[in-house]
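Residues per chain are reported as follows:
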Amino acid sequence: MSLALFLEQTLNGFQQGMTLFLMASGLTLTFGIMGLINLAHGSLYMVGAYVGATVIMASGSFVLGVAAGMTAAGVAGSLLELAILRRLYARDHLDQVLATFGVILFTNELVKIVWGPQALFSAPPDWLARPVDLFGTPYPAYRLAIIGVGLIVALFLRYLILNTRLGMRIRAGATDREMAGALGINIHLLFTTVFAIGAMLAGLAGALAGPILAVQIGMGENILILTFVVIIIGGVGTVRGAFVGALLVGLVDTYGRAVLPALLRQLLTPAAADSLGNSLSDMGIYVLMAAILVIRPQGLFQVAGSR
């Protein structure tokens, strides 16, 4: 692998990792504080992508589209928590899985009714639709912008959790929900707020993915699986773990897809090498997860005070 290709694939891994981090950060807080398994998180990602792409195409403003996607996902997430999920906190995980899986089916059909079955395609803004020269290697400016947004969100969440009153309540709720409620924290309001933040981050990820991927029905399910892998690797309930886990998954997946097919072409036909290489790349993520769980069953990081 040449240095230019290595740099390009590394940046691709960072970009994929940052998208996964935007998904995993909200979901890990939701699971860590509420103990809720929310399979519908990918649907919020899809809502953000559809609303963002629609507003971008209608207004021509990329920033407005991203803001609209975040807002729509945040509102949808808040309504989902108030109407359905609030009734599931005391239920076992099987009930939560079944209920949120039903939300996935409902959301997919609703999106099909509103937008139709055809995929939507949006374009990055003109000021990001160009390559940037990095040490002699051209790289899309839009993908660099996604990396930058992910880093900004990571710093924002770190400040929010460590330096604000809301962050103090989030940490208290993640450590001991019952004691936090006994001390006067409105647990229901805290849950709704955390869920809305997580939904907005999922909507941001969806809106940013629109110019890279086809916006289509069911697009949230594939990224949801990788998001759960990220959370398991990083540790449930920790944003730092979500960040590190997302980068590891993004890099392993990207390097695997870039390197393995090229190596297998030495032994197989190009078509067979590409097919087998992609399959092995998919397996690599789960091999990484299994290896980390063998060494640290709780994940790479752990919420302070948890056992």
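Use the structure listed above.
Throughout what follows, the structure given in this document is the object of discussion. Computed from a prediction, not measured in an experiment: that's the story for all the values here. (Residues numbered from 1 in each chain as written. Predicted model: local features only at pLDDT ≥ 70, side-chain atom pairs only at ≥ 80, totals over all residues. Heavy atoms only, no water.)

1. Notes on the pairing of strand E1 (residues 131-134)
Working step 1: Pairing analysis gives four bridges linking E1 to strand E2 (residues 137-140), with the strands arranged antiparallel. Bridge pairing links Asp133 to Pro138 in E2.
Working step 2: Between E1 and the antiparallel strand that follows it, E2, lie two residues; Phe135 among them carries a positive phi value of about 55°. (Pairing = 2+ DSSP bridges. Helix = DSSP H or I, 4+ residues; strand = E, 2+ residues; numbered from the N terminus.)

2. Some details on helix H3 (residues 62-83)
Working step 1: Over its 22 residues, H3 runs 31 Å from end to end, which matches the ideal 32 Å to within 8%, given 1.5 Å per residue.
Working step 2: Looking at H3, one finds that the buried residues are Phe62, Gly65, Val66, Gly69, Ala73, Gly74, Gly77, Ser78, Leu80 and Glu81.
Working step 3: Turning to H3, the residues buried within the fold contact helix H2 (41-59), helix H4 (93-115), helix H5 (141-163) and helix H8 (187-209).
Working step 4: A distance of 3.2 Å separates the backbone nitrogen of Leu64 from a side-chain oxygen at the start of H3, and that oxygen is part of Ser61. (Expected span 1.5 Å × (residues − 1). Buried < 20%, exposed > 50% of the residue type's maximum accessible area, 1.4 Å probe, protein only. Contact = heavy atoms within 4.5 Å. Polar contact = N/O pair within 3.5 Å; in protein donor to acceptor, adjacent residues only side chain to side chain.)

3. Observations concerning the pattern of salt bridges
Opposite charge on two side chains permits them to pair, given that their charged atoms come into close proximity.
Working step 1: Summed over the entire model, instances satisfying the criterion amount to six salt bridges.
Working step 2: Its salt-bridge partner being Arg86, residue Glu81 comes within 3.5 Å of it at the nearest N-O pair.
Working step 3: Judged by relative accessible area, Glu81 falls into the buried class, the value being 0%.
Working step 4: Residues joined by salt bridges that share partners form a network here, namely Asp253, Arg257 and Asp282. (Salt bridge = Lys/Arg side-chain N within 4 Å of Asp/Glu carboxyl O.)

4. A word on H4
Since the α-helix advances by 3.6 residues per turn, residues separated by three or four positions end up pointing in the same direction.
Working step 1: With 23 residues, H4 should reach 33 Å at 1.5 Å per residue; the first-to-last C-alpha distance of 32 Å fits that figure.
Working step 2: Three or more residues of H4 are buried, namely Gln96, Thr100, Val103, Ile104, Thr107, Asn108 and Val111.
Working step 3: Looking at the buried side of H4, the elements it contacts are H2, H3 and helix H9 (219-234).
Working step 4: Trailing H4 by a residue or two, Gly116 shows a phi angle of about 85°, which is positive.

5. A word on a nonpolar patch on the surface
Working step 1: On the surface, Leu267, Leu268, Leu276, Leu280, Met283 and Val287 cluster together into a nonpolar patch covering about 550 Å² of accessible area.
Working step 2: Take Leu276: it is sitting in helix H11 (residues 270-295).
Working step 3: With relative accessibility at 35%, the residue Leu276 sits in the partly exposed group. (Patch = residues over 30% accessible without salt bridge, like charges linked within 9 Å, V, L, I, M, F, W, Y side chains within 5 Å. Areas by Shrake-Rupley, 256 points an atom, 1.4 Å probe, with all protein chains shown as cover.)

6. Comments concerning the packing of aromatic side chains
Any aromatic ring pair is given by two values, namely how distant the centres are and how the planes are angled relative to each other.
Working step 1: Scanning the entire structure with this criterion turns up five aromatic pairs.
Working step 2: Between Tyr50 and Trp115 the ring centres are 4.9 Å apart and the planes differ by 40°, which places this aromatic pair in the tilted class. Of the two residues, Tyr50 is situated in helix H2 and Trp115 in helix H4; the sequence distance between them amounts to 65 residues.
Working step 3: The exposure class assigned to Tyr50 is buried, which follows from its relative accessible area of 0%. (Phe/Tyr/Trp six-rings, centres within 6.5 Å; stacked < 30°, edge-to-face > 60°.)

7. Comments concerning the packing of helix H1 (residues 3-34) against H9
Working step 1: Two elements in contact, H1 and H9, have axes separated by 9 Å at closest approach and are oriented at 75°. By the angle class used here, H1 and H9 are roughly perpendicular. Along the contact surface, H1 presents Gln16, Thr19, Leu20, Met23, Ala24, Leu27 and Thr28, while H9 presents Ile223, Leu224, Leu226, Thr227, Phe228, Val230 and Ile231.
Working step 2: In terms of residue class, the contact of H1 with H9 is made up of 10 nonpolar, four polar and no charged. (Axes fitted to C-alpha atoms, helices over the stretch in contact; angles between N-to-C directions. Parallel < 35°, antiparallel > 145°, perpendicular 65-115°, else oblique. Nonpolar A, V, L, I, M, F, W, Y, C, P; charged D, E, K, R; others polar.)

8. Focus on the environment of Leu27
Working step 1: One can find Leu27 in helix H1.
Working step 2: Judged by relative accessible area, which is 1%, Leu27 ranks as buried.
Working step 3: Between the C-alpha atom of Leu27 and that of Gly237, which follows or precedes it by 210 residues, the distance is 8.4 Å.
Working step 4: With residues up to four places along the chain from it excluded, the contact list for Leu27 reads Asn38, His41, Leu224, Thr227, Phe228 and Ile231.

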